[in-house]
Amino acid sequence: MTPKSDDKKKVRHTYFIVFLSGILVWILDATIAFYFFNLGENFWDLMILKIPPYNLFMRLLIVALFHILGYKIIRQIRTYDRTFNNIFQTIPDSLFLFSKDGTALEFNGNKKNSQFYQRSVLGKKLSEIFPKRISDTITANIEAILKFKKPLIFNYNAEDEENKRKYYEVRSLYYSEEKFAVLIRDISEQKEYEKKLEESSKKYSNLVDNLTDIVGVIDKKGKIIYGNSQMYTSLGYKPEELKGQNFFALYLDPKAIYSLTRKIKGVPGVVLSFDCELKHKSGHYIPFSGKVVGIEWGKEIEYIGILRDETEKKKSENLSKEFNKKMEESLKKYTNLVNNLTDIIGAVDPKGKINYCNPQVYTLLGYKPEELLGQKFFKLLANPKALLSVGKKIIGVPGVVLSYDCQLKHKSGHYIPFSGKVVGIESGDQIEYIGILRDETEKKKSEDMMRKFNVKLEKEVDLKTLELQQEIRERKIIENKLRTSENKQKDQINQLNCLFGISHLLSTPDISIRETLQNVLNLIPPTFKFPNLINVKITFNGIEYKLNNILDTTWKISRKEFVNDKILLIEIFYQDNLPFLKEEENLIKKIGELLKIGLLRREIENEKENLLKMVENSDDAFINMDLDGTMIYWNKGAEQTFGYTAKEVLYRKNLDLVPPDRYEERKFIFDRIKKGEKVKHFETKRLRKDGKELDISVTYSPFINYEDKIIGVFSIARDFTEKFEQQKKFQDHIIKASEFKSEFMSSMSHELRTPLNSIIGFSDILKEKFYGDLNEKQENYIENVRSSAQHLLELINDILDISKIEAGKITLRFVDVNLKELLNQIGTTIRPEYEKKNLTFEIIGLEEGKMIKCDPKRFKEIIFNLLSNAIKYTISGGITLEIFETRNHWEFSVIDTGIGIEEKDFKFIFQDFKRLKNEHTATVEGTGLGLSLTKRLIELHNGNISFKSKWKEGSTFTITLPKFSQTMGIENY
């Protein structure tokens, strides 16, 4: 931005610098020659006179180089000056250069903005060039502009030659220490745009404030910059409570927004959708769905979001799921009806691809399902273009029902005529088209025959008309026949109207059964030949519905139907002595069948509604969840039992109702459910919302959809906490009594065992004849004494063991034992017993090297007791010990071919001192404590015992023991 007057000065300055550089180089060279190389007698001789030739050459060369360099620099400067002067002159704004005292030095000559300053400006003062406001403002700030080098910017407006208001921006800029520049720019258009933008902003601000959705703006740190009025209305806050606050503090789960902010952070223009729950001022959370986009504002990026309240949508989704559930159940029932229809039913997508066909399609057209499904429907049409007009009317428009005729290609190649209806139904994001087609082959044949007949008839009529113009009588007969045919057609139309009206009444959900049957009475008389002489009475479930007082006459027809266990009776009376037509009798039959189907459907719907009300209002907790653990249904009983409202738990995953020490139960239950099994009366503990533990009994069932697939779990839970607390008190009382009994029995058993051991010992001594021979009678007496004492000792030992178990004084010592060695020892012990009775004994499923963790002594006692019992009560056959190993358990089954157990005695099997009484047990010794003691020992191993038996066929006793780990006790139990 150098003016022409400065050009010459710069050239002179450049020449001077080059000349001065040459002199300095000359002096430097003389200094080096004199002081460093001693080439002259004194310094001045070297400077002027005594210059060595080589030194003179170097000096001249250097001076020449400096002159060349200076010349190139000057040319470059001139080139830059010319270029910059061109730019200076072509700037669209008015540009002035002033001296420090305000005198105009240069002007680019732009006349665009000259209406408020003189056109000839050079050499004039600011006040002579510009209006007073501009000149005063600049004059007052000249010193600050030159001193601080900061521009002065202000606006000015004035009317132009056409009296239009114009706006200008005036900029005063630092140029040099003695000069400053003034730039004047026309900003009228910019002002006009700003005005329009302000009006538009005002308009859209009102629009945004009146939106039903939340609109907000946040900065990159999440601070709320703006929110429309709906934000404060929806969330219950005041503007001053939200503005400037962190938006993420309103989130139910702020971490859930982390992935979203990472995607849009620092990237303007990216629009992302998201779902969230925001905290209302009252504390509850409201679900929203929305979109967010980043927008650049200068160097910063702000994020604008639009959120929509999804509360009502969630409610409608819940209702929709309930409705879908009902629809699925109904669909399952009516699928058979659709499959058994004689008409074709099919579904195609918008591109004509076949998605579904009922079996009648394959029957009528001869194709297999895989040959049709997924194919284009239009390929089956004889004339696809003929269906184009129908397609244009319904495509993309659900709910429109249109009728059409077509011909479909049979697999053998011929075409079959059909008539049908098509309707578009919304299915997810697209529309499916459902069509119902009826085979018109027979109808076409009839129509062809009728057409031929009509042609023939017309020919005959024409012929007869020509031949028998005088025979008026015959002509009247023909007219009467035609009139009769028209009457029949009218009667048929009346009958169809009646049936359609009844069907419409039955399909209307808001009309009660009483109103429906009362309205049906009015539809029936017009279908009869003499409607004014007809009386109608309908009786359903003992309640009569009639038009008026009915006189019972012999001229009546009736139809009786059974709707479940209720009687539906339709009676039609003629007041006069008139016969009924066959068509009228057929009509009553159709009305009865139609009413029966409709009333059955109504009763099913009522039962469903009553069942739903009963479930919803039950005190038991009815809960439904999918296989991922997401809650789908939660009735009022569940709210009362667990303390959570339906709104708090629905669609939440893995609700924390299970105590931490019972997490393994969930896997056990879900594994059973996935196999299609029920878990009945499962007693466990669950947590309320307030943290209290509940004792509950739960029944789990698989939740199956219409495709017979397991999609979830349905559970019914009952709170037994209070009952269990009462039982616990009662059990504590019993336990104290039992402990007293056990201690008494334990002390008494010790007192009894001492003399019994003496009796057995002395009996053995006498039997061994240490003190002389015994006769046969004495030996029998001693044997009886010994066996009785032994039996009594065993009884006392069993009583003592039971007392110890009940008193908690038996401690098991678990070690790893080789299972095969342990069972072989037991087999060796019982061998004399089964061989004595000629019985067989077999072990099945025993593998080499298998180890079991148990108390060896008590485990041997368990297996020995079961095998001994089996041998005792088996007369012929054998005993089998079957072993089965699972991942978590061992199963041992003792199977015998003995006398079995009668069903009436099942409840006494594990009771103390209970021996079954029958013809065989009377001869078998026993105390009645063996199985009771065995059961207690199994339970000490955290196992259980069960049995099944059939009288006179044998019994199977099965014990299940969990696998133990050394550190955890029971593994996966």
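Residues numbered from 1 in each chain as written. Predicted model: local features only at pLDDT ≥ 70, side-chain atom pairs only at ≥ 80, totals over all residues. Heavy atoms only, no water.

The name recorded for the protein in an unreviewed UniProt entry is histidine kinase, from Promethearchaeum syntrophicum. UniProt annotates the protein under Subcellular location (unreviewed entry) with the comment "Cell membrane". According to UniProt, the comment filed for the protein under the heading Catalytic activity (unreviewed entry) is "ATP + protein L-histidine = ADP + protein N-phospho-L-histidine." (UniProt positions renumbered as here; feature names shortened; annotations may be inferred.)

Draft legend 1. Structural detail: the overall build of the protein. When helices and strands are counted, the protein shows 25 helices and 33 strands. Each of the 973 residues in the protein was classed as buried or not, and the buried ones make up 36%. For the protein, long-range pairs separated by at least 24 residues make up 51% of all intrachain contacts whose partners lie at least 6 apart in sequence. (Helix = DSSP H or I, 4+ residues; strand = E, 2+ residues; numbered from the N terminus. Buried < 20%, exposed > 50% of the residue type's maximum accessible area, 1.4 Å probe, protein only. Contact = heavy atoms within 4.5 Å.)

Draft legend 2. Summary view of the nonpolar core. Among the nonpolar cores identified, the biggest contains 34 residues, and Phe859, Ile863 and Phe892 are the most heavily contacted of them. Here this core takes seven residues from helix α24 (residues 856–872), the largest share from any one element. What Ile863 contacts, discounting residues up to four positions off in sequence, is Leu823, Ile826, Leu881, Phe892 and Ile959. Of all hydrophobic cores here, the second largest spans 29 residues; its members include Ile524, Ile538, Tyr545 and Tyr574. (Core = buried A, V, L, I, M, F, W, Y, C linked by side-chain atoms within 4.5 Å.)

Draft legend 3. Region of interest: the packing of helix α23 (residues 819–836) against α24. Contact geometry for α23 and α24: axes closest at 10 Å, N-to-C directions at 35 degrees. α24 is crossed by α23, and the crossing has right-handed handedness. The segment α23 lies against α24, with Leu819, Leu822, Leu823, Gln825, Ile826, Thr829, Ile830, Glu833 and Tyr834 engaging Phe859, Lys860, Ile863, Phe864, Leu867, Ser868 and Ile871. Tallied by class, residues from the contact of α23 with α24 come to 11 nonpolar, three polar and two charged. (Axes fitted to C-alpha atoms, helices over the stretch in contact; angles between N-to-C directions. Left-handed = near helix turned anticlockwise from the far one by under 90°. Nonpolar A, V, L, I, M, F, W, Y, C, P; charged D, E, K, R; others polar.)

Draft legend 4. Spotlight on the sheet that holds strand β14 (residues 415–427). The strand order across the open sheet built from five strands is β12-β11-β15-β14-β13, with neighbouring strands paired in antiparallel fashion. Both outer strands of the open sheet, β12 (354–357) and β13 (401–409), are each paired with one neighbouring strand and no more. Going across the sheet, the axis of each strand differs from the next one's by a mean of 30 degrees, ignoring polarity. (Pairing = 2+ DSSP bridges.)

Draft legend 5. Structural view of the pattern of salt bridges. Enumeration over the complete set of coordinates arrives at 28 salt bridges. Measuring nitrogen to oxygen at the nearest pair gives 3.7 Å for the salt bridge that ties Lys537 to Glu544. By relative accessible area, which is 16% here, Lys537 ends up buried. Residue Glu544 is classed as partly exposed on the basis of its relative accessible area of 43%. (Salt bridge = Lys/Arg side-chain N within 4 Å of Asp/Glu carboxyl O.)

Draft legend 6. Representation of a nonpolar patch on the surface in the model. A cluster of nonpolar side chains, namely Tyr334, Leu337 and Leu341, defines an oily patch on the protein surface of about 260 Å² accessible area. Structurally, Leu337 can be placed in helix α10 (residues 311–339). (Patch = residues over 30% accessible without salt bridge, like charges linked within 9 Å, V, L, I, M, F, W, Y side chains within 5 Å. Areas by Shrake-Rupley, 256 points an atom, 1.4 Å probe, with all protein chains shown as cover.)

Draft legend 7. Fine view of the sheet that holds strand β28 (residues 878–885). The five strands lie next to each other as β26-β28-β29-β31-β30, forming an open sheet whose pairing is mixed. In the strand order of this sheet, the two ends are held by β26 (840–844) and β30 (944–950), each with one partner. Between one strand axis and the next, the sheet turns by 15 degrees as a mean value, whatever way the strands run. When β28 meets strand β29 (residues 889–896), the two strands line up antiparallel, connected through seven bridges. Bridging from a neighbouring strand, Ile879 pairs with Asp896 of β29. Sheet strands touched by α23: β26, β28 and β29. Its angle to β26, the strand with the most contacts, is close to 170 degrees. Relative to the sheet, α24 contacts β26, β28, β29, β30 and β31 (954–962), its axis offset from that of β29 by approximately 20 degrees.

Draft legend 8. Examining the packing of aromatic side chains more closely. For the structure on display, the rule yields 12 aromatic pairs. Aromatic side chains Phe668 and Phe682 sit 6.2 Å apart centroid to centroid with 35 degrees between the ring planes, which places their arrangement in the tilted category. On the criterion of sequence distance, the pair formed by Phe668 in helix α20 (residues 663–674) and Phe682 in strand β22 (residues 679–687) is long-range, its members being 14 residues apart. Linked through ring pairs, Phe96, Phe98, Phe107, Phe130 and Phe180 together constitute an aromatic cluster. Here the basic side chain of Lys963 rests over the ring of Trp890, its NZ or CZ set 5.5 Å away from the ring centre. (Phe/Tyr/Trp six-rings, centres within 6.5 Å; stacked < 30°, edge-to-face > 60°. Lys NZ or Arg CZ within 6 Å of the ring centre and 35° of its normal.)

Draft legend 9. Focus on α24. Along its 17 residues, α24 runs 24 Å from first to last C-alpha, staying within 8% of the 24 Å computed at 1.5 Å per residue. Counting buried positions along α24 yields 12 of 17 residues, so the element is predominantly enclosed. (Expected span 1.5 Å × (residues − 1).)

Draft legend 10. Structural detail: unusual backbone geometry. Phi is positive for Asn942, which is not a glycine, with a value near 60 degrees. If you trace the backbone, Asn942 turns up in the loop between α25 (930–940) and β30. Its relative accessible area of 36% is what places Asn942 among the partly exposed residues.

Draft legend 11. Spotlight on a positive patch on the surface. Together, Lys351, Lys353, Lys376 and Lys379 give the surface a local cluster of positive charge. On the secondary structure map, Lys376 appears in the loop between α12 (369–372) and α13 (388–394). (Lys, Arg positive; Asp, Glu negative; His and termini not counted. Charge placed at Lys NZ, Arg CZ, Asp CG, Glu CD.)

Draft legend 12. Inspection of the pairing of β31 at higher detail. Among the nine residues in β31, nine count as buried, and that is most of the element. On β31, burial covers both faces: Gly954, Thr956, Thr958, Thr960 and Pro962 on one face and Ser955, Phe957, Ile959 and Leu961 on the other are all buried. Judged from the seven bridges that link them, β30 and β31 form a sheet pairing that is antiparallel. Looking across to β31, one finds that Phe947 is bridged to Phe957. Here β30 hands over to β31 after three residues, with Lys952 in that stretch at a positive phi of 65 degrees.

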